[in-house]
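Geometric and topological summary
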Amino acid sequence: MWNLRPDAIAVWKNPVVRDRLSWYYEVMKDEMPAKFMICKKVHVDYDKNADTKELWKIHDDASKAFDELFNDVIDGKDIESIPNASPNFLDLKVDIAYKILESCEFCERRCGVNRVKGEVGVCGVKKPNVHSYFHHYGEEAPLVPSGTIFYGGCNFKCVFCQNHDISQEYPNDGEVVDAKKLASIQEELRLTGARNINHVGGDPTPSLHVILESFKYLDVNVPQLWNSNMYCSVETMKLLREVIDIWLPDLKYGNDKCAERLSLVKNYWSVVTRNVKCAHDWSDIIIRHLVLPNHLECCTKPVLRWIAKNCPRALVNIMEQYRPLFKVLKYPEKYRDIARRPTVKEMEVAYSYAKELGIVYEPVS
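Our subject in this report is the structure included herewith.

Conventions we followed
Residues numbered from 1 in each chain as written. Predicted model: local features only at pLDDT ≥ 70, side-chain atom pairs only at ≥ 80, totals over all residues. Heavy atoms only, no water. Helix = DSSP H or I, 4+ residues; strand = E, 2+ residues; numbered from the N terminus. Expected span 1.5 Å × (residues − 1). Buried < 20%, exposed > 50% of the residue type's maximum accessible area, 1.4 Å probe, protein only. Arc of directions from axis to C-beta. Contact = heavy atoms within 4.5 Å. Core = buried A, V, L, I, M, F, W, Y, C linked by side-chain atoms within 4.5 Å. Salt bridge = Lys/Arg side-chain N within 4 Å of Asp/Glu carboxyl O. Pairing = 2+ DSSP bridges. Right-handed = clockwise from strand over helix to strand, strands pointing away. Polar contact = N/O pair within 3.5 Å; in protein donor to acceptor, adjacent residues only side chain to side chain. Axes fitted to C-alpha atoms, helices over the stretch in contact; angles between N-to-C directions. Parallel < 35°, antiparallel > 145°, perpendicular 65-115°, else oblique. Left-handed = near helix turned anticlockwise from the far one by under 90°. Nonpolar A, V, L, I, M, F, W, Y, C, P; charged D, E, K, R; others polar. Phe/Tyr/Trp six-rings, centres within 6.5 Å; stacked < 30°, edge-to-face > 60°.

1. A look at helix α8 (residues 179–191)
Here α8 contains 13 residues, and its C-alpha end-to-end distance of 18 Å stays within 8% of the 18 Å for a straight helix at 1.5 Å per residue. Those residues of α8 that fall on the buried side of the exposure criterion are Ala 179, Leu 182, Ala 183, Ile 185, Gln 186, Leu 189 and Arg 190. Viewed along the axis of α8, the buried residues span an arc of 155°, placing them on a single side of the element. Residues of α8 that are exposed and point over 90 degrees away from its buried face: Lys 180 and Leu 191. At its buried positions, α8 is contacted by α3 (22–28), β1 (129–136), β2 (146–151), β4 (197–200), α9 (208–214) and β5 (224–228). Backbone geometry just after α8 places Gly 193 at a positive phi near 115°.

Structure, rendered in structure tokens:
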């Protein structure tokens, strides 16, 4: 018997949560196979030396075959007796990811550096590395205990980052991992009671290639969770579509100006809302929004309005955990607007506004 927070058990008595996280729940309970395991059943005939354009065309066709098999699984088809194909859809995804790595476009910064040769982009990642992994009991109730893997590096440069040591200052100080090592970490977490594998950081996007490859060596059934700032490219989203069972995106800002000032990224709103919308339409999702002090009108309210209109099945965690850390703590005058915690009144306004919009904003209750 594994120790759980009481709400991590009670949450599944909530019919809305059970409905909106139905796929994740069934994979978590081993009643359905995780998507990456279904990918292994889809045969794909391709030449790994073909150019990227041709591989993407084959990928699109394989995606349709995946959808057919996935719908059969939902309808009750047992795929355990079906041998893994060789080569399969997952193999193709891995090969495409490594081709992209030669001129990296995993995120919308599109640095174009050759990471195969050791060149480093804005994320700072030389080689995929893990700073820590453990059962996380502080996540949303449906996720606890979450088998959380913290990767080094990040494509954001948030001035208030609580994980600034691994995301920005020392992104390569973790243990370098290859695909087999990463698969063994996931297996250990699952077999010791994790409800899911939670890929986070930093941000997991710079480590996409080794994460995808690790699924080739992972034989235990476990939901895969993508916990990200969602500033990833269309190509990355396509590679993730058929392997992620539940998404846990951050939707921080309601406009580009705040994002550029506080996280040093351009075109935030169009990129991240595009990706969050795709994630919502593809699978189960819990959207996080961190309330920043003095940013209710410019960020919190636009974010909540967008979610209500575009992601009606999403559960939403409106977070009060903001603290003035990292550069905000060092330069409080420069970041005066966010140099304090959000007030009780600000959080009440955020919760009230979400309620008015009909958002289910407390997936932990």
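2. Describing the nonpolar core
Nonpolar side chains tend toward joint burial in soluble globular proteins. Formed by 104 residues in total, the largest nonpolar core has its most connected members in Phe 160, Val 243, Trp 247, Tyr 253, Ile 307, Ile 318 and Ile 338. Core analysis: the next-biggest nonpolar cluster, separate from the first, contains 14 residues, Trp 12, Leu 21, Tyr 24 and Ala 141 among them.

3. A few points about the pattern of salt bridges
For the coordinates displayed, the defined rule picks out 22 salt bridges. The partner of Glu 260 in a salt bridge is Lys 266, with the nearest N and O atoms 2.8 Å apart. When salt bridges that share partners are traced, they join Glu 105, Glu 108, Arg 110, Glu 235 and Arg 274 into one network.

4. Topic: the pairing of β4
Burial along β4 is two-sided: the face carrying Ile 197 and His 199 and the face carrying Asn 198 and Val 200 are both buried. As judged from the 4 bridges shared by β2 and β4, these two strands associate in the parallel manner. Looking at β4, one finds that Phe 150 is bridged to Val 200. In this sheet, β5 lies alongside β4 in parallel orientation, the contact comprising 3 bridges. Looking at the pairing, Ile 197 lines up with Gln 224 of β5. At this point the chain moves from β4, through α9, to the parallel β5, and the crossover so formed is right-handed.

5. Comments concerning the pairing of strand β8 (residues 315–319)
Counting buried residues in β8 gives 5 out of 5 residues, a clear majority hidden from the surface. Neither face of β8 is exposed, since Leu 315, Asn 317 and Met 319 on one face and Val 316 and Ile 318 on the opposite face are all buried. In this structure, strand β7 (residues 284–290) lies alongside β8, joined through 5 bridges in parallel fashion. Bridged to Ile 286 within β8 is Leu 315. Handedness of the β-α-β unit built from β7, helix α13 (residues 296–310) and β8 comes out right-handed.

6. Section: the side chain of Lys 93
Its location among the elements puts Lys 93 in helix α6 (residues 89–101). Exposure remark for Lys 93: the relative accessible area of 0% places this residue in the buried category. Separated by 2.5 Å, the side chains of Lys 93 and Glu 242 make a polar contact. Apart from the residues lying within four places of it in its own chain, the contact partners of Lys 93 are Cys 39, His 59, Leu 212, Lys 238, Leu 239, Glu 242 and Val 243.

7. Notes on the packing of α13 against helix α15 (residues 344–356)
At their nearest, the axes of α13 and α15 sit 10 Å apart, and the two run at 25° to each other. It follows from the interaxial angle that α13 and α15 lie roughly parallel. Note on packing geometry: the crossing formed by α13 with α15 is right-handed. Between α13 and α15, the residues in contact are Leu 296, Thr 300, Lys 301, Leu 304 and Arg 305 and Glu 346, Val 349, Ala 350, Tyr 353 and Ala 354, respectively. Of the residues that constitute the contact of α13 with α15, the class distribution is 6 nonpolar, 1 polar and 3 charged.

8. A closer look at the sheet that holds β1
Here we have 8 strands laid out as an open sheet, ordered β3-β1-β2-β4-β5-β6-β7-β8, and mixed in their pairing. Every other strand in the sheet has two partners, leaving β3 (175–176) and β8 as the edge strands with one partner each. In the packing of α8 onto the sheet, the strands contacted are β1, β2, β3, β4 and β5, and the crossing angle to β2 comes to about 150°. Against the sheet, α13 touches β7 and β8, its axis set at about 165° to β7.

9. Observations concerning unusual backbone geometry
Here Ser 86 and Pro 87 are connected by a cis peptide whose omega angle stands at -5°. Note on placement: Pro 87 falls in the loop between α5 (52–74) and α6. Cis peptide bonds are those with omega within 30 degrees of zero, and the linkage from Gly 201 to Gly 202 qualifies with 25°. Mapped onto the elements of the fold, Gly 202 is located in the loop between β4 and α9. One non-glycine residue, Asp 30, adopts positive backbone phi at about 65°. Mapped onto the elements, Asp 30 comes out in the loop between α3 and α4 (35–39). At Asn 294, a residue that is not glycine, the phi angle is positive and equals roughly 65°. Mapping Asn 294 onto the fold places it in the loop between β7 and α13. Note on Asn 294: relative accessible area 45%, which makes it partly exposed.

10. With respect to the packing of aromatic side chains
Geometrically, a pair of aromatic rings is defined through the distance of the ring centres and the angle of the planes. Considering all chains together, one arrives at 14 aromatic pairs under this definition. On the basis of an interplanar angle of 70° and a centroid distance of 5.5 Å, the ring pair of Phe 160 and Tyr 322 is categorised as edge-to-face. With Phe 160 in the loop between β2 and α7 (164–169) and Tyr 322 in the loop between β8 and α14 (327–330), this residue pair connects regions lying 162 residues apart in the sequence. For Phe 160, a relative accessible area of 6% gives the class buried.

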